[in-house]
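Here's the letter readout for the chains.
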Amino acid sequence: MIADIPSRHRKLLLSGRRWRMRLVFWGGALAVGAVSVAFAAAATQASALFGVLLVRPWLALLLTPLGFVASAWLAARFFPGSQGSGIPQAIAARQMGDTGQRSRLLSLRLAFGKILLTLFGMACGASIGREGPTVQVGAAIMLESGRLGRMIGERGLILAGAAAGVAAAFNTPLAGIVFAIEEMGRAFEQRHAGLVLIAVILAGMASLGLVGNYDYFGSNASMLIVTIDWIGALVCGVAGGLCGALFARLILRGTVMIRKWTGREPARRRLLLAGGCGLVVALCGLASGGATYGTGYQAARLAVEGAPLGWDFAPLKFAATLASSLSGIPGGFFAPTLSIGAGLGSIVATVLHVHAPGAIVLLGMTAYFAGVVQAPITAAVIIAEMTNESAMRLPLLLAALTGYGVSRLFQRESLYHAMARSFLGALKS
């Protein structure tokens, strides 16, 4: 069989150097998955630890601000470049041409610090998630694997690591691929994304009107079966886009203002900022009965299952996530963003008295996420994969497109890419 392969291809196939590169690359990908799983398990324990430490609700007024100050100090002192989500760092690293500069944002040492301090923040009640940090960690692991295997194409390795991080963090392989194409690489141009979604939605609605909702190999179940539910999808799209754009603008404007304010006394004022943000998170937690601490996963899951969330959950979670993101501590807003969207969807479902409240919650999550990060295809795919609701694919795309379109009216630049540009500017200065 091998004898039939042309000589040049046979040499490439049997090349020891190429096999070493492949094995190192595969090992790196497996390592990303293993680290992601361990990170997820540790994050669950860190969140549980905060509940154990919080023997009295008011203790959060001390524990959370002090924890924020400690995390911000450790990040600035020992792990500079670990602050914030991690996705902007991976995007910025792809745009760098110098290997040494990339190491300031992606390294195994920084990955260790990112994991450690994200867990620490969760143990202090911060409204952060592990998914964004997993992207930075995955990119760092793959980049280091490529160097060990003497592989070229560092930008591709970063892209692969970031995609692997998203896939492993949410157990959503397709979303990892789409995220790499749409958000990390921007190879899929934004205007084309909109055209594709419009074409898919309109064609899908035509098919739905003519033959009804069906699966090619069987099953016939739809979660949006009455008019008010479809109106709810559009309302979620508009509300999610507006709120998502507001969050993105507050993050970007707040970052600029903070940089100006901390310029004179950076060390002291950054710690004051972290403490103040921690106090805001604690107050939001007290006001919500503890629902806004951490990722908000439990509240979002209950909402998806049909249990209504309080009217105050979404705005309080919004404020807690904003404060956590601006504080300078390591941690992402990927999962908290989905929780805010769940709260938003729950409000829409309650106001409109929809037939399928759990479905509207999913649409709120999709629309708000698309509004924040302006990656509509990723938003629709990741929610569809996480919930395994095949009947919701078309409504999810509609909510994502609406949220994305509304957000673009008020916030022209993608949040992650604007933050990446900020990182690049800080490194050059």
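Refer to the structure printed above.
Residues numbered from 1 in each chain as written. Predicted model: local features only at pLDDT ≥ 70, side-chain atom pairs only at ≥ 80, totals over all residues. Heavy atoms only, no water.

Caption draft 1: Highlighting the packing of helix α12 (residues 266-287) against helix α14 (residues 313-326). At their nearest, the axes of α12 and α14 sit 9 Å apart, and the two run at 160 degrees to each other. In terms of orientation, α12 lies roughly antiparallel with respect to α14. The handedness of the crossing between α12 and α14 comes out as left-handed. For the pair α12 and α14, the contacting residues are Leu273, Cys277, Val280, Val281, Cys284 and Ala287 in the first and Leu316, Ala319, Ala320, Ala323, Ser324 and Leu326 in the second. For the contact of α12 with α14, the per-class residue count stands at 11 nonpolar, 1 polar and no charged. (Axes fitted to C-alpha atoms, helices over the stretch in contact; angles between N-to-C directions. Helix = DSSP H or I, 4+ residues; strand = E, 2+ residues; numbered from the N terminus. Parallel < 35°, antiparallel > 145°, perpendicular 65-115°, else oblique. Left-handed = near helix turned anticlockwise from the far one by under 90°. Contact = heavy atoms within 4.5 Å. Nonpolar A, V, L, I, M, F, W, Y, C, P; charged D, E, K, R; others polar.)

Caption draft 2: Representation of the packing of helix α4 (residues 87-95) against helix α7 (residues 131-148). Where α4 meets α7, the axes come as close as 7 Å, and the angle between the chain directions of the two elements is 35 degrees. When α4 is examined against α7, the residues Ile87, Gln89 and Ala90 are found in contact with a partner set consisting of Gly132, Val135, Gln136 and Ala139. Tallied by class, residues from the contact of α4 with α7 come to 4 nonpolar, 3 polar and no charged.

Caption draft 3: Quick look at the nonpolar core. In terms of nonpolar packing, the biggest core is built from 101 residues, with Phe247, Phe334, Leu363, Leu396 and Leu415 touching the most fellow members. Here the element with the most residues in this core is helix α16 (residues 357-373); it accounts for 12 residues. Leaving out residues up to four positions away in the same chain, Phe247 has contacts with Phe318, Thr321, Leu322, Ser325, Phe333, Tyr368, Val372 and Leu415. (Core = buried A, V, L, I, M, F, W, Y, C linked by side-chain atoms within 4.5 Å. Buried < 20%, exposed > 50% of the residue type's maximum accessible area, 1.4 Å probe, protein only.)

Caption draft 4: Looking closely at helix α8 (residues 154-170). Between its first and last C-alpha, α8 extends 25 Å over 17 residues, near the 24 Å set by a 1.5 Å rise per residue. Along α8, the residues that are buried comprise Glu154, Leu157, Ile158, Gly161, Ala162, Ala163, Gly165, Val166, Ala167, Ala169 and Phe170. (Expected span 1.5 Å × (residues − 1).)

Caption draft 5: Focus on the environment of Gly156. Inspection of the secondary structure puts Gly156 in helix α8. Relative accessible area serves as the criterion here: at 41%, Gly156 is assigned to the partly exposed category. Residues Gly156 and Met142 lie 14 residues apart in sequence; the distance between their C-alpha atoms is 9.5 Å.

Caption draft 6: Structural view of the side chain of Ser82. Within the secondary structure, Ser82 is located in the loop between α3 (60-78) and α4. Only 2.7 Å separates the side chain of Ser82 from the backbone oxygen of Phe79, close enough to count as a polar contact. When near neighbours in sequence (up to four residues on either side) are disregarded, Ser82 contacts Ala75, Gln89, Leu110, Lys114, Leu117 and Pro330. (Polar contact = N/O pair within 3.5 Å; in protein donor to acceptor, adjacent residues only side chain to side chain.)

Caption draft 7: A nonpolar patch on the surface, seen in detail. On the surface, Trp58, Leu61, Leu62, Leu66, Leu279, Leu283 and Leu286 cluster together into a nonpolar patch covering about 660 Å² of accessible area. Taken together, the elements giving at least two residues each to the nonpolar patch come down to α3 and α12. (Patch = residues over 30% accessible without salt bridge, like charges linked within 9 Å, V, L, I, M, F, W, Y side chains within 5 Å. Areas by Shrake-Rupley, 256 points an atom, 1.4 Å probe, with all protein chains shown as cover. Salt bridge = Lys/Arg side-chain N within 4 Å of Asp/Glu carboxyl O.)

Caption draft 8: Region of the structure containing the packing of aromatic side chains. One pass over the structure, following the stated rule, counts 7 aromatic pairs. Ring geometry for Phe247 against Phe318: centres 5.5 Å apart, planes inclined by 80 degrees, an arrangement best described as edge-to-face. Within this pair, whereas Phe247 is found in helix α11 (residues 227-262), its partner Phe318 is found in helix α14, the two being separated by 71 residues in sequence. Assessed through its relative accessible area of 0%, Phe247 is described here as buried. By relative accessible area, which is 14% here, Phe318 ends up buried. (Phe/Tyr/Trp six-rings, centres within 6.5 Å; stacked < 30°, edge-to-face > 60°.)

Caption draft 9: Structural context of unusual backbone geometry. With a phi angle near 55 degrees, His353 is a residue other than glycine that sits in the positive phi range. Considering the arrangement of structural elements, one finds His353 in the loop between α15 (334-352) and α16. The exposure class assigned to His353 is exposed, which follows from its relative accessible area of 66%. Phi at Gln374 is positive, roughly 55 degrees, even though this residue is not glycine. Looking at the secondary structure, you find Gln374 in the loop between α16 and α17 (376-387).

Caption draft 10: Seen up close, α15. For α15, with 19 residues, the first-to-last C-alpha span of 27 Å sits near the 27 Å given by 1.5 Å per residue. The buried fraction of α15 is high, at 15 of 19 residues. Looking one or two residues beyond α15, the residue adopting positive phi is His353, at roughly 55 degrees.

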